[in-house]
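# Descriptive structure summary
Below are the chains, spelled out letter by letter.
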Amino acid sequence: MHSKYWKFFIKRLFQHSLNKMSIIATESESVQLQTNDGVIHTVSIDCALQMCPVRNMIMLERQRNLYTNDVIPLPRVDAKNLRFIIKWWSSVQDLEESVGTMGKKQLIQLLTEENASHDFLMQVILAANYLQMKDLLKATTHVLADALNECESVEEIRKKFNL
């Protein structure tokens, strides 16, 4: 019973922190993210706040009244994956309540446009996990599960996923 209230308290505290962040942040504010291959991406503060490690760094800076323009490193994400993640987030940001179903549809559409392989999907899953983007992680793992379910044998799975 106590854990239920504790979870609710943490959730409300987190939402309050994000609300304070969005009040502080202006619409034109952006953040620079550097991928593990050295490419720097400039993203909106709204997009950056969806990525847990980035959000934590921004919140720490704001709590200490530091407003730096330092580049935030993302050591486990490469440029291609981050570009894809930003593109996906931009396509689903206005969906709010239906991100679960529409996020998966948008993901499939973007993967098709990119002519992406299953290896790329696996890299996006790892990046989404590192960035703790739960909606993207859920959508990518569902797409992967669907791909696995389409296979009729172990040999087909090995061939499809280069195992």
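As the structure is a computational prediction, the values presented were derived from the model and not from experiment.

Another aspect to go through is unusual backbone geometry. Most peptide bonds adopt trans geometry, and most residues besides glycine take a negative phi value. Unusually for a residue other than glycine, glutamine 132 sits at a positive phi of about 55 degrees. As for its placement among the helices and strands, glutamine 132 is situated in the loop between helix 6 (118–131) and helix 7 (134–150). The backbone phi angle of asparagine 162 is positive, close to 50 degrees, even though this residue is not glycine. Within the element layout of this structure, asparagine 162 appears in the segment after helix 8 (154–160).

With that out of the way, let us pick up the environment of valine 71. Looking at the secondary structure, you find valine 71 in the loop between helix 3 (52–63) and strand 3 (72–74). Considered as a pair, valine 71 and histidine 41 are 30 residues apart in the sequence and their alpha carbons are 9.2 Å apart. Every residue in contact with valine 71, bar those within four places of it in the chain, is listed here: Gln32, Leu33, Gln34 and Ile40.

Put simply, helix 6 and helix 7 touch, their axes get as near as 9 Å, and they point 150 degrees apart. In terms of axis orientation, helix 6 runs roughly antiparallel to helix 7. As for the relative orientation of helix 6 and helix 7, their crossing is left-handed in sense. Within the contact between the two elements, helix 6 uses His118, Leu121, Met122, Val124, Ile125, Ala128 and Asn129 and helix 7 uses Leu136, Leu137, Thr140, Thr141, Val143, Leu144 and Ala147. By residue class, the composition of the contact of helix 6 with helix 7 is 10 nonpolar, 4 polar and no charged.

Per the stated rule, a full pass over the model turns up 1 aromatic pair. Geometrically, the ring pair formed by phenylalanine 84 and phenylalanine 120 is edge-to-face, given 5.2 Å between the ring centres and 90 degrees between the ring planes. Of this pair, phenylalanine 84 sits in helix 4 (residues 79–92) while phenylalanine 120 sits in helix 6, and the two are 36 residues apart along the sequence. By the burial criterion, phenylalanine 84 is buried, and phenylalanine 120 matches it.

A few words on the environment of serine 153. Within the secondary structure, serine 153 is located in the loop between helix 7 and helix 8. Polar side-chain contacts of serine 153 include one of 3.2 Å to the backbone nitrogen of glutamate 156.

Considering the arrangement of structural elements, one finds arginine 55 in helix 3. For arginine 55 and isoleucine 45, which are 10 residues apart along the polypeptide, the C-alpha to C-alpha distance reads 9.1 Å. A polar atom in the side chain of arginine 55 sits 2.7 Å from the backbone oxygen of leucine 49.

About the criteria used
Residues numbered from 1 in each chain as written. Predicted model: local features only at pLDDT ≥ 70, side-chain atom pairs only at ≥ 80, totals over all residues. Heavy atoms only, no water. Helix = DSSP H or I, 4+ residues; strand = E, 2+ residues; numbered from the N terminus. Contact = heavy atoms within 4.5 Å. Axes fitted to C-alpha atoms, helices over the stretch in contact; angles between N-to-C directions. Parallel < 35°, antiparallel > 145°, perpendicular 65-115°, else oblique. Left-handed = near helix turned anticlockwise from the far one by under 90°. Nonpolar A, V, L, I, M, F, W, Y, C, P; charged D, E, K, R; others polar. Phe/Tyr/Trp six-rings, centres within 6.5 Å; stacked < 30°, edge-to-face > 60°. Buried < 20%, exposed > 50% of the residue type's maximum accessible area, 1.4 Å probe, protein only. Polar contact = N/O pair within 3.5 Å; in protein donor to acceptor, adjacent residues only side chain to side chain.

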